[in-house]
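Each chain is listed here by its residues.
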Amino acid sequence: MMNIGVLALQGDFSEHISMLKRLGVTASEVRLPRDLAGLDGLIIPGGESTTIGKLAVAYDLMEPLRQFGREKAIWGTCAGAIFLSKDARRDQPLLGLMDITVIRNAFGAQVDSFEADLEIDALKKQDQSPYHAVFIRAPIIETVSGEAKILSALADGRIVAAQQGKLLATSFHPELTADTRFHEYFLSLAR
Ligand code: GLN
C-alpha cells in the first residue's frame with residue numbers, strides 16, 4: 001500500500017486526497033515536518049504560491065521539504081509547480097528543487113481561466129486520448145534546463161508540464177477532472 005501526503009497549508013488539497021483515495025492509496029494531510037515521515041511521495045496543490053511559501057517558512061517546512069524532494073517523488077500542481085521552481089521572477093519562498101523557471105499568472109486573471117486538450121506522451125501507455133486540462137490563473141513554465149525535461153506544451157509551444165526524475169510540475173489541475181491518468185503517472189514515479 002502506498003502512502004502519499006498532500007501539503008495542506010492552503011489551496012485545493014482535499015481534491016487531491018479524494019483522487020488518491022479513488023485510486024486506493026493511503027492519503028494524508030501534511031502540515032508539519034513530522035507528517036512527512038513514512039511517505040512515498042508528496043503532492044503540493046494549487047492555491048496561492050506566496051501564501052503556501054510563507055506558511056511553509058512559518059512551519060519550518062522548507063528544509064524538510066527540500067530533503068524529501070532529493071530522495072522521493074513530489075508533484076506540484078499550479079501554485080505547487082511554482083513552489084517547486086527555482087525562479088518565479090519575484091521574491092517569494094521557493095523550494096528550488098526543479099530546474100525550471102516560471103511566469104506566474106501568465107494567462108491573465110481568474111476570468112481568463114481556460115481548458116485545453118493536451119498531448120502527453122507519458123500518459124499514452126494507458127489510453128491514447130488527449131488529456132483534458134484545467135488552467136486557473138496558471139503559470140507557464142518559461143524555461144526547462146539541467147536534468148528537467150518537457151512533458152507537455154500547448155499548441156503554441158508554451159510549456160505546461162515538466163519532469164525531473166521523480167519530480168513533476170504541472171501548470172494545470174488534474175485533481176479537478178475525472179481523468180485519473182496523471183495521478184497514476186505520479187504514483188508510478190513514487191513507487
Ligand atoms: N496564481 C497562483 C499563484 O501565482 C496559482 C493559481 C493556482 O494554483 N490555481 O500562485
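Note that this is a predicted model, so its numbers are computed, not measured.

## A closer look at the packing of aromatic side chains
- This structure, assessed with the given rule, holds ten aromatic pairs.
- Summarising the aromatic geometry, the rings of Y131 and F172 are spaced 5.9 Å apart at their centres and angled 45° between planes, so their arrangement reads as tilted. Within this pair, whereas Y131 is found in strand 7 (residues 131-135), its partner F172 is found in the loop between strand 11 (167-170) and helix 5 (181-190), the two being separated by 41 residues in sequence.
- Taken together through their ring pairs, the aromatic side chains of W75, F107, F114, Y131, F135, F172, F182, Y185 and F186 make up a single cluster.

## Concerning the side chain of R181
- Summarising the element assignment, R181 is placed in helix 5.
- On the basis of relative accessible area, R181 is assigned to the buried category, the value being 4%.
- Polar side-chain contacts of R181 include one of 2.8 Å to the side chain of D179.
- Excluding anything up to four places from it in sequence, R181 contacts L123, Q126, D127, S129, P130 and Y131.

## Observations regarding the nonpolar core
- Counting residues in hydrophobic clusters, the biggest one holds 35 residues, and the most contacted among them are I4, L20, L118, F135, L168, F172 and F182.
- Sorting the residues of this core by element identifies strand 1 (3-7), helix 1 (13-22), strand 4 (73-77), strand 6 (114-118), strand 7, strand 10 (159-164) and helix 5 as the ones contributing at least two each.
- With six residues, the single largest contributor to this core is helix 5.
- Residue contacts for F172: discarding those within four places in its chain leaves T77, C78, L118, I120, Y131, A133, V134, F135, V160, A161 and F182.
- Within the second largest apolar cluster, 32 residues are counted, among which are I44, I74, L84 and M98.

## Some thoughts on the pattern of salt bridges
- If you walk through the whole model with that rule in mind, you get ten salt bridges.
- In this structure, K86 and D99 form a salt bridge, with 3.8 Å as the shortest nitrogen-oxygen distance. A residue pair is termed long-range when its members are at least 10 positions apart, and K86 in the loop between helix 4 (79-84) and strand 5 (100-103) and D99 in the loop between helix 4 and strand 5 qualify at 13 residues.
- For K86, a relative accessible area of 43% gives the class partly exposed.
- A salt bridge links R181 to D179, with the nearest nitrogen and oxygen atoms 2.8 Å apart.

## Considering the pairing of strand 7
- By the criterion of burial, strand 7 is predominantly enclosed, with four of the five residues buried.
- Bridge count between strand 6 and strand 7: five bridges; the pairing is antiparallel. Within strand 7, the position partnered with A116 by the bridge is A133.

## As for the pairing of strand 4
- Across the five residues that make up strand 4, a large majority, five, are buried.
- Residues A73, W75 and T77 point to one face of strand 4 and I74 and G76 to the other, with burial holding for every one of them.
- Bridge count between strand 4 and strand 11: four bridges; the pairing is parallel. Its bridge partner lying in strand 11, W75 is registered against L168.

## What about helix 1?
- Within helix 1 the residues assigned to the buried category are F13, H16, I17, M19 and L20. The buried residues of helix 1 occupy one face: seen down the axis, they fall within an arc of 160°. Residues of helix 1 that are exposed and point over 90 degrees away from its buried face: K21 and R22.
- In this fold, the buried residues of helix 1 make contact with strand 1, strand 2 (26-30), strand 3 (41-44), strand 4 and helix 5.
- Looking at the residues trailing helix 1, positive phi occurs at G24, about 80°.

Parameters at a glance
- Residues numbered from 1 in each chain as written.
- Predicted model: local features only at pLDDT ≥ 70, side-chain atom pairs only at ≥ 80, totals over all residues.
- Heavy atoms only, no water.
- Phe/Tyr/Trp six-rings, centres within 6.5 Å; stacked < 30°, edge-to-face > 60°.
- Helix = DSSP H or I, 4+ residues; strand = E, 2+ residues; numbered from the N terminus.
- Buried < 20%, exposed > 50% of the residue type's maximum accessible area, 1.4 Å probe, protein only.
- Polar contact = N/O pair within 3.5 Å; in protein donor to acceptor, adjacent residues only side chain to side chain.
- Contact = heavy atoms within 4.5 Å.
- Core = buried A, V, L, I, M, F, W, Y, C linked by side-chain atoms within 4.5 Å.
- Salt bridge = Lys/Arg side-chain N within 4 Å of Asp/Glu carboxyl O.
- Pairing = 2+ DSSP bridges.
- Arc of directions from axis to C-beta.

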